[in-house]
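Results of the structural survey
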Amino acid sequence: MKLAIGNDHAAVEMKNEIMDYLKSKGIEVVNVGTDTAERFDYPVAAYRAAKLVASGEVDGGVLICGTGVGIGLAANKVRGIRCCICSDPYTAKLSKQHNNANMIAFGARVIGIETAKMIVDEWLGATFEGGRHAERVALITEIEQTQKLASRGE
Ligand code: RB5
């Protein structure tokens, strides 16, 4: 498995710890974030990682900024990305099972490293359930591609 990881200046330490954690599990990691404390605007890291995910060059992506919000919002602007912004392992698990989230984002100023590891584990360990959930994900894609929801008369 190969994952992209991206971060801004608020999350260098947590990015490094999560990167080491992923590598210790045998996962290949492509680091597209910053490695310094200098200002680094989170949409840049989000875009780089999201493009790798959307193109299929990597199997998924982990994003970390101060809150996880900005970097997750930016990633979700890239076609094909379903990035779950979360602070708890349960949401992370369900985001894969029900929403087929292909990226996960969280905040280095919000959660601690052990919760971050649990979030990553639950997201990676879960499987998309398909069925009715696939129909809903298809509706998300319809909105993304057409800016309409014609299939529902909207
Ligand atoms: C940077 O100060 C901070 O705004 C950023 O890391 C993130 O929290 C934005 O959503």
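Residues numbered from 1 in each chain as written. Predicted model: local features only at pLDDT ≥ 70, side-chain atom pairs only at ≥ 80, totals over all residues. Heavy atoms only, no water.

Re the site of the ligand
As a reminder of what qualifies: By convention in this text, a residue qualifies as near a molecule or strand provided that one of its non-hydrogen atoms is within 4 Å of it. Counting of polar contacts relies on pairs of N or O atoms within 3.5 Å, with two restrictions inside protein: one atom must be capable of donating a hydrogen and the other of accepting it, and residues adjacent in sequence are counted only when both atoms are side-chain atoms. In these tables, accessible area is a Shrake-Rupley quantity obtained with a 1.4 Å probe, and a residue counts as shielded only by the protein chains included in the view. Note on residue classes: Ala, Val, Leu, Ile, Met, Phe, Trp, Tyr, Cys and Pro are nonpolar, Asp, Glu, Lys and Arg are charged, and everything else, Gly too, is polar.
Near the ligand the following residues occur: Asp 8, His 9, Ala 10, Tyr 42, Cys 65, Gly 66, Thr 67, Gly 70 and Arg 109. Between an oxygen atom of the ligand and a main-chain N or O atom of Gly 66, the distance comes to 2.7 Å. When the ligand is considered free in solution it has 290 Å² of accessible area, and contact with the protein chains removes 72% of it. Grouping the amino acids of the shell around the ligand by side-chain chemistry returns three nonpolar, four polar and two charged.

Some remarks on a nonpolar patch on the surface
What counts here: Without a salt bridge and with relative accessible area above 30%, a residue can belong to a patch; like charges are then joined within 9 Å and nonpolar side chains (Val, Leu, Ile, Met, Phe, Trp, Tyr) within 5 Å. The rule for a salt bridge is simple: a side-chain nitrogen of Lys or Arg has to be within 4 Å of a carboxyl oxygen of Asp or Glu. By definition, any uninterrupted DSSP run of H or I lasting at least four residues is a helix, any uninterrupted run of E lasting at least two residues is a strand, and each is numbered from the N terminus.
Together, Val 69, Leu 73 and Ile 85 line one region of the surface with nonpolar side chains, adding up to about 230 Å² of accessible area. Relative to the assigned elements, Leu 73 resides in helix H3 (residues 69-75).

Brief notes about the sheet that holds strand E1 (residues 2-7)
For the record, the criterion: In this description, strands pair whenever DSSP reports at least two bridges between them. Fitting a line to C-alpha atoms yields each axis, with helices limited to the stretch in contact; the angle taken between N-to-C directions then spans 0 to 180 degrees. Residues count as neighbours in contact if any of their non-hydrogen atoms are within 4.5 Å of one another.
Pairing within the open sheet is parallel, and its five strands lie in the order E2-E1-E3-E5-E4. At either margin of the open sheet sits one strand with a lone partner, and together these are strand E2 (28-31) and strand E4 (83-85). With direction set aside, neighbouring strand axes in the sheet form an average angle of 20 degrees. One ladder, built from five bridges, connects strand E3 (residues 60-65) with strand E5 (residues 103-107); its direction is parallel. Paired with Ile 64 across the bridge in E5 is Phe 106. Against the sheet, helix H1 (residues 12-24) touches E1, E2, E3 and E5, its axis set at about 170 degrees to E1. Relative to the sheet, helix H2 (residues 42-54) contacts E1, E2, E3 and E5, its axis offset from that of E3 by approximately 170 degrees.

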